[in-house]
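Descriptive analysis of the structure
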Amino acid sequence: MLQKFFAKLSAKEKKILYIAFPIVLLALFDRLLLGPSLNKIKFLDEEIIREEAAVKRDLRILSYKDNILKEQQIMDKFLLEEIPDDDVINNQFFSIVEKLATQANVNLIKGSPDEPRKNKDYIEYVANLDCSGDLKDVINFMHLINSTDDLLKVVRFNMTPKRGTPDGVTASLTVIKMVMDKNMTSFVVAEK
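First things first, this report covers the structure right here in the doc.

Quick notes on the side chain of N90
In this fold, N90 is placed in helix α4 (residues 86-103). The residues contacting N90, other than those within four sequence positions of it, are P113 and Y125.

Listed below in structure tokens is the structure:
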């Protein structure tokens, strides 16, 4: 059947057939084998680029691991395994404040606790203090409170001059103590 078909063709038609046949074969090869293979290679190259970017990002995060663990160790001293009773914390709180007042040569006149304020990640214990002393001593006392490792901070104060003394002041301070439980903090790094 093919021989009869070729026999009927003229020389010019045979030349065209000999030229067209390889072109059609190349086109079929491109559509059936080469095109899908090149598309798959292109897809794999894009996937490799995405994965390399993800690996670089993960390596960058891992490079911070030591810094994160060091910061975690620093924070561990502020995190309690279990929060003691409010009375125990208030006693410790006032003990620290009294020690700092003695260190700064300030007389504590009165100290009274307020209700603790519970937040998502920590609890704030509040104390209202009345104290007196020289201005520089009261300011030193406030600085000692703010710079202690016991997470204390003066959040409000009011000073008035003390009558009869050139540098004497009486001050009303509101001081907070922050207490954090390991179970309530959301920023704690997963176990090492």
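Section: the pattern of salt bridges
Opposite charge on two side chains makes pairing possible when the charged atoms of those side chains draw close. Scanning the entire structure with this criterion turns up four salt bridges. Taking the shortest distance from any N to any O, the salt bridge between E47 and R50 comes out at 2.5 Å. Here R50 and E47 lie together in helix α2 (residues 11-63), a separation of three residues that amounts to about one turn. On the accessibility criterion, E47 (27% relative accessible area) is partly exposed. For R50, a relative accessible area of 43% translates into the label partly exposed. A salt bridge links E124 to R117; its shortest N-O distance comes to 3.2 Å. Residue R117 is classed as partly exposed on the basis of its relative accessible area of 39%.

Concerning the pairing of strand β5 (residues 152-161)
In this sheet, strand β6 (residues 168-181) lies alongside β5 in antiparallel orientation, the contact comprising nine bridges. When the bridges of β6 are listed, K153 appears paired with I176.

Thoughts on the nonpolar core
Judged by nonpolar contacts, the single largest core of 26 residues is most densely connected at L129, F141, L173 and V175. Only α4, β4 (123-134), α5 (135-147), β5 and β6 provide two or more residues apiece to this core. Sort the elements by how many residues they give to this core and α4 lands first, with seven residues. Not counting the four nearest positions on each side in its chain, L173 is found in contact with A127, N128, L129, C131, F141, M142, V154, R156 and F157.

Conventions adopted
- Residues numbered from 1 in each chain as written.
- Predicted model: local features only at pLDDT ≥ 70, side-chain atom pairs only at ≥ 80, totals over all residues.
- Heavy atoms only, no water.
- Helix = DSSP H or I, 4+ residues; strand = E, 2+ residues; numbered from the N terminus.
- Contact = heavy atoms within 4.5 Å.
- Salt bridge = Lys/Arg side-chain N within 4 Å of Asp/Glu carboxyl O.
- Buried < 20%, exposed > 50% of the residue type's maximum accessible area, 1.4 Å probe, protein only.
- Pairing = 2+ DSSP bridges.
- Core = buried A, V, L, I, M, F, W, Y, C linked by side-chain atoms within 4.5 Å.

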